[in-house]
Amino acid sequence: MAAPLPTRDSVTTIRDDGSRPFLYPSDTHGRFTLARQASAGLLIVFYLSLPWIHVGGYPAVFLDIAERRFHLFGLTLAAQDMWLLFFVITGLGFSLFFITALLGRVWCGWACPHTVFLDQVYRRLERWIDGDAVQRRALAEAPLSALKGLKRIVKHGLFFLVSATIAHLFLAYFVSLPEVWAMMRAAPVENWSAFAFMAVFTGVLYFNFAWFREQLCIVICPYGRLQSALIDDHSLVIGYDARRGEPRLTAAEDKKRLAAHLASGQPAATLPRAGDCVACHRCVHVCPTGIDIRQGLQMECVGCTACIDACDDVMTRLHRPRGLVRYDSQNAFAGRATRWLRPRTALYGVLLLVGASVATWALSTFRPANLGITRIGGAPYIVSDDYIRNQFFVRLVNKQNQPVQFVLSLEGAPAGLRQSGLQGPVVVPALGEVVQPLVLQQPRPDYHGPFALSVRIQDLANRFHLNRPIEFLGPDVKLLREEEEDRREHREPRH
Ligand code: SF4
Ligand code: SF4
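Residues numbered from 1 in each chain as written. Chains lettered and ligands numbered in written order. Predicted model: local features only at pLDDT ≥ 70, side-chain atom pairs only at ≥ 80, totals over all residues.

**Quick look at the overall build of the protein chain**
Item 1. Looking only at helices and strands, the protein chain features 17 helices and 16 strands.
Item 2. Radius of gyration (C-alpha) of the protein chain: 35 Å, far over the 23 Å computed for a compact globule of 495 residues.
Item 3. Summarising its shape, the C-alpha atoms of the protein chain cover approximately 145 × 60 × 45 Å along the three principal directions.
Item 4. Across the 495 residues of the protein chain, 24% fall into the buried class. (Helix = DSSP H or I, 4+ residues; strand = E, 2+ residues; numbered from the N terminus. Rg over C-alpha atoms; globule rule 2.2 N^0.38 Å. Buried ≥ 20, exposed ≤ 12 C-beta atoms within 10 Å, placed from the backbone.)

**A word on the sheet that holds strand β3 (residues 61–64)**
Item 1. Taken in spatial order, the three strands line up as β3-β4-β5 in an open sheet, and their pairing is antiparallel. Two strands lie at the open edges of the sheet, namely β3 and β5 (75–77), each paired on one side alone. Within this sheet the neighbouring strands show an average axis-to-axis angle of 10°, counted without direction.
Item 2. Inspection of the sheet shows β3 paired to strand β4 (residues 69–72) by four bridges, in the antiparallel sense. Within the sheet, the bridge partner assigned to Asp64 lies in β4 and is Arg69. (Pairing = 2+ DSSP bridges. Axes fitted to C-alpha atoms, helices over the stretch in contact; angles between N-to-C directions.)

**A few points about the domain arrangement of the protein chain**
Item 1. The domains assigned to the protein chain are domain 1 (1–141 + 213–366) and domain 2 (369–494).
Item 2. Each side of the interface is counted separately: domain 1 has seven residues, and domain 2 has six residues.
Item 3. Within the side of domain 1 that touches domain 2, the residues separate by chemical class into two nonpolar, four polar and one charged. (Domains from an automatic or database assignment. Contact = placed C-beta atoms within 7 Å. Nonpolar A, V, L, I, M, F, W, Y, C, P; charged D, E, K, R; others polar.)

**Section: the nonpolar core**
Item 1. The biggest cluster of nonpolar side chains holds 53 residues, and the ones touching the most others in it are Cys283, Ile293, Cys307 and Val325.
Item 2. Discounting residues that sit within four places of it in the chain, Cys283 has contacts with Ile293, Cys307, Ala310, Cys311 and Val325.
Item 3. Of all hydrophobic cores here, the second largest spans 14 residues; its members include Val404, Phe406, Val455 and Ile457. (Core = buried A, V, L, I, M, F, W, Y, C linked by C-beta atoms within 7 Å.)

**Quick word on the confidence of the model for the protein chain**
Item 1. Per-residue confidence for the protein chain averages 89 on the pLDDT scale, and 97% of its residues sit at or above 70.
Item 2. Scored below 50 in pLDDT, residues 1–7 makes 11 contacts in the model with residues more than four places away or belonging to other chains. (pLDDT = per-residue confidence, 0-100.)

**Regarding the site of ligand 1**
Item 1. Neighbouring ligand 1 are 14 residues; Cys287, Cys301, Cys304, Ala306 and Cys307 lie closest to it.
Item 2. The class makeup of the residues in the shell around ligand 1 is 11 nonpolar, three polar and no charged. (Near = placed C-beta within 6 Å.)

**A word on the environment of Phe406**
Item 1. Tracing the backbone shows Phe406 in strand β11 (residues 404–411).
Item 2. Owing to 22 C-beta atoms within 10 Å, Phe406 belongs among the buried residues under this scheme.
Item 3. A C-alpha to C-alpha distance of 21 Å links Phe406 and Arg375, two positions 31 residues apart in sequence.
Item 4. Discounting residues that sit within four places of it in the chain, Phe406 has contacts with Leu396, Pro425, Val426, Val428, Ile457, Gln458 and Asp459.

**A look at the packing of helix α6 (residues 146–175) against helix α7 (residues 177–185)**
Item 1. Axis separation between α6 and α7 bottoms out at 7 Å; the angle between their running directions is 120°. Relative to α7, the element α6 is oriented oblique. By crossing handedness, the relation of α6 to α7 is classed as right-handed. Between α6, through His168, Leu171, Ala172 and Val175, and α7, the contact on the second element is made entirely by Leu177, Glu179 and Val180.
Item 2. Grouping the constituent residues of the contact of α6 with α7 by class yields five nonpolar, one polar and one charged. (Parallel < 35°, antiparallel > 145°, perpendicular 65-115°, else oblique. Left-handed = near helix turned anticlockwise from the far one by under 90°.)

**Here's the deal with the site of ligand 2**
Item 1. Close to ligand 2 lie 15 residues; Cys277, Cys280, Arg282, Cys283 and Cys311 are nearest.
Item 2. Among the elements of the structure, α13 (282–285) and α14 (306–317) are those that each provide at least two residues to the shell around ligand 2.
Item 3. The leading source of residues in the shell around ligand 2 is α14, at three residues.
Item 4. Residues that form the shell around ligand 2 fall into these classes: 11 nonpolar, two polar and two charged.

**Describing helix α2 (residues 83–103)**
Item 1. Its 21 residues give α2 an end-to-end C-alpha distance of 30 Å, which sits within 8% of 30 Å, the value for a rise of 1.5 Å per residue.
Item 2. Within α2, the full set of buried residues consists of Gly91, Phe94, Phe97, Phe98, Thr100, Ala101 and Leu102.
Item 3. Contacts from the buried residues of α2 go to α10 (222–230), β6 (236–240) and α16 (343–364).
Item 4. Following α2 by one or two positions, Gly104 has its phi on the positive side, about 60°. (Expected span 1.5 Å × (residues − 1).)

**Regarding unusual backbone geometry**
Among all residues except glycine, the phi angle is most often negative; among peptide bonds, the trans geometry is most common.
Item 1. Cis geometry marks the peptide bond from Glu246 to Pro247, where omega comes out at -5°.
Item 2. Backbone geometry places Leu431, a non-glycine residue, at a positive phi of 50°.
Item 3. Summarising the element assignment, Leu431 is placed in the loop between β13 (426–428) and β14 (433–443).

**Regarding the sheet that holds strand β16 (residues 465–472)**
The strands making up a sheet associate through hydrogen bonds between their backbones, and the pairing can be parallel or antiparallel.
Item 1. The four strands are arranged β13-β11-β15-β16 in an open sheet whose pairing can be described as antiparallel. The sheet is open, and its two edges are formed by β13 and β16, each paired on a single side. Direction aside, neighbouring strands of the sheet carry axes that sit 30° apart on average.
Item 2. Examined bridge by bridge, strand β15 (residues 451–459) and β16 share eight bridges and lie antiparallel to one another. The residue of β16 that forms the bridge with Ala452 is Glu471.

The structure is reproduced here in structure tokens:
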């Protein structure tokens, strides 16, 4: 029977007086460390290259706030298409719910930009300049010397440089790279707001990655707090197999225990076997949030896998099977079965499917142009001696990155209806709009009451069209005919 594990009710990196011990996590080597390095390398390239890669004439991701347009991998969304983002955001939210219920904090450990940049950029630089964990701690505790001062200047100079680079590339997501480059060459007074944003954002990044680090995950990140609500005992987490590891004993303690057993006159074979954990604390020393995974699942665990590699390394040296610390469900660690399909994964899965279906439908209805038709203010119709007239404004919005020629036609119009305005092809500039009047006139004899028709625009290249229903309004036919009758009668005596 495994010994009961110690419990914890405080955060390792926040002391009772509110101060924070700075951590010096040891390095790890192993299959997960390698896999995370590879995936982080790809992610860093992905995050930083998006403003450089052009799709359809614009950066792959360009959130052009000034022009109120979002360019996403060749798709341009104008302000009136922002409702589509609702589906994108809720879809991402449901995906995260679903993945978390199944795989726990896999996002935090493998893909979160904070973890990726901290582990693979800032900590690497720190290791390169200050040395391994023991050397880093020794340097921090050493009195100020010329070497320490130099190392601090180089390290923080590089941290600042990297933070400024990330901040500039982040800004490029909103104003494009050429614009960022132009701002960088201009005096700060010419772009005060952008300059202030850059300065503040660089400062925030520097503060976070140079000092705040794991506190962001523990104290600020809302997703970390949501974990406990999203996962259950069947979710995949990184944990310690207490049934296999306990009772944990160091080599010296194990020797002492054997000696006492033999001294009591019992044969060595009757000594109950100790657990596989040799209490080396290697899993604790590598943890970037300073926790002891052997105390069970904790909110601070960001799923970085460092403790798995650390413990696997120890087990390999002891010729014991790997996996004392591993990915598994809490049920599996307790010797119970793990169920992948359960009410919460089914619910999150259904929500994800509904979200994905609606998003697919919404995107399939997306058109690279908008057609708006509004009735010109004043009287809804005008009655002249010969015609009934309706007047509209037609607004054509081109969401594409090149000019488009549109042709307007009327569908379902009765015989005799005359159209003035927008009779030939209309050129709408790239990402521009054109507003023109459209006048429809129905000769009095052909007018038999209000009717519905449809305005259609078609691009000359014949790739898409848009239809908008409108209503042609006019007076009551009976009254119109009576009025005509009256006019005729009043005219006849004059002949
Ligand atoms: S407990 Fe393990 S997986 Fe969790 S943060 Fe610490 S080292 Fe990473
Ligand atoms: S690394 Fe493994 S053996 Fe060492 S203390 Fe942690 S769980 Fe025990």
